[in-house]
Amino acid sequence: MYFAYDPARGIQVDEPYRRVMVPYMMPDTASCPIDFSVHLTEWEPGGQVDEHCHEGAMEVMYCVSGHGTASVNGQVYDLTENSMIAAAPEELHCIKNTGDTPLRCLCIFSPPTTAEELRRRAQSAVDASRESGR
């Protein structure tokens with residue numbers, strides 16, 4: 001299988017968790033069964049993802065470029081180029097771009113997620129934030 005970066009497939013997430021997620025290898029893009037999925041997430045300076053966990057799935061986030069902070073179960077780490085964090089199922093985690101350039105991370109899920117699941121979870125977080133007035 002071959003997968004290429006295609007920004008046209010990007011999933012735009014609104015404020016307050018503004019970011020772009022570009023699916024690479026997912027069950028809905030792979031030509032054969034896969035045991036994990038990969039997407040690229042990009043945050044502009046100041047951007048972040050909500051603190052969340054995944055039921056029944058592990059997520060590994062590898063920093064391709066940029067600088068930020070990442071937390072896993074409340075422990076905060078510097079997230080810099082060529083570093084990564086891993087969140088086991090049910091572990092709370094989040095990432096924030098604290099640098100002045102885009103922060104780009106490859107996100108790997110096992111078992112795999114789909115682009116639609118990514119979109120749905122992100123929109124749910126945005127909606128919950130808006131409803132709470134944050």
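Fair warning: this is a prediction, and the values are worked out from it, not measured in the lab.

Mean pLDDT over the protein chain stands at 93; residues scoring 70 or higher make up 99%. The least confident element of the protein chain is helix α1 (residues 115-132), whose mean pLDDT is 92; the most confident is strand β4 (residues 58-65), at 98.

Moving on: the sheet that holds strand β8 (residues 93-97). In spatial order, the strands read β6-β5-β8; together these three strands make up an open sheet with antiparallel pairing. For this open sheet the edge positions go to β6 (75-80) and β8, each flanked by a neighbour on one side alone. Each adjacent strand pair in this sheet contributes to an overall mean axis angle of 25°, direction not counted. The pairing of strand β5 (residues 67-72) with β6 spans six bridges and is antiparallel. Counterpart to H67 in the pairing with β6 is T80.

At the junction of E15 and P16, the peptide bond is cis and its omega measures out at 10° in the coordinates. You can see P16 is positioned in the loop between β1 (11-13) and β2 (19-25). Following S110, the chain continues to P111 via a peptide bond in cis, the omega torsion being -5°. Here P111 lies in the loop between β9 (103-110) and α1. Even without a glycine there, the phi angle at N73 is positive, about 50°. Residue placement: N73 occurs in the loop between β5 and β6. N73 gets classed as partly exposed once you look at its relative accessible area, which sits at 46%.

This part takes up the pattern of salt bridges. A complete count under the given rule lists six salt bridges for this structure. Of the charged contacts in the structure, one is a salt bridge between R18 and E15, with a shortest N-O distance of 2.7 Å. Take R18: its relative accessible area is 35%, and that puts it in the partly exposed class. For E15, a relative accessible area of 45% puts it in the partly exposed group. Across the pair E116 and R120 runs a salt bridge whose closest N-O atoms are separated by 3.9 Å. Residue E116 and its partner R120 are located together in helix α1, separated by four residues, close to a single helical turn. In this structure E116 comes out as partly exposed when scored by relative accessible area, which is 41%.

Parameters at a glance
Residues numbered from 1 in each chain as written. Predicted model: local features only at pLDDT ≥ 70, side-chain atom pairs only at ≥ 80, totals over all residues. Heavy atoms only, no water. pLDDT = per-residue confidence, 0-100. Helix = DSSP H or I, 4+ residues; strand = E, 2+ residues; numbered from the N terminus. Pairing = 2+ DSSP bridges. Axes fitted to C-alpha atoms, helices over the stretch in contact; angles between N-to-C directions. Buried < 20%, exposed > 50% of the residue type's maximum accessible area, 1.4 Å probe, protein only. Salt bridge = Lys/Arg side-chain N within 4 Å of Asp/Glu carboxyl O.

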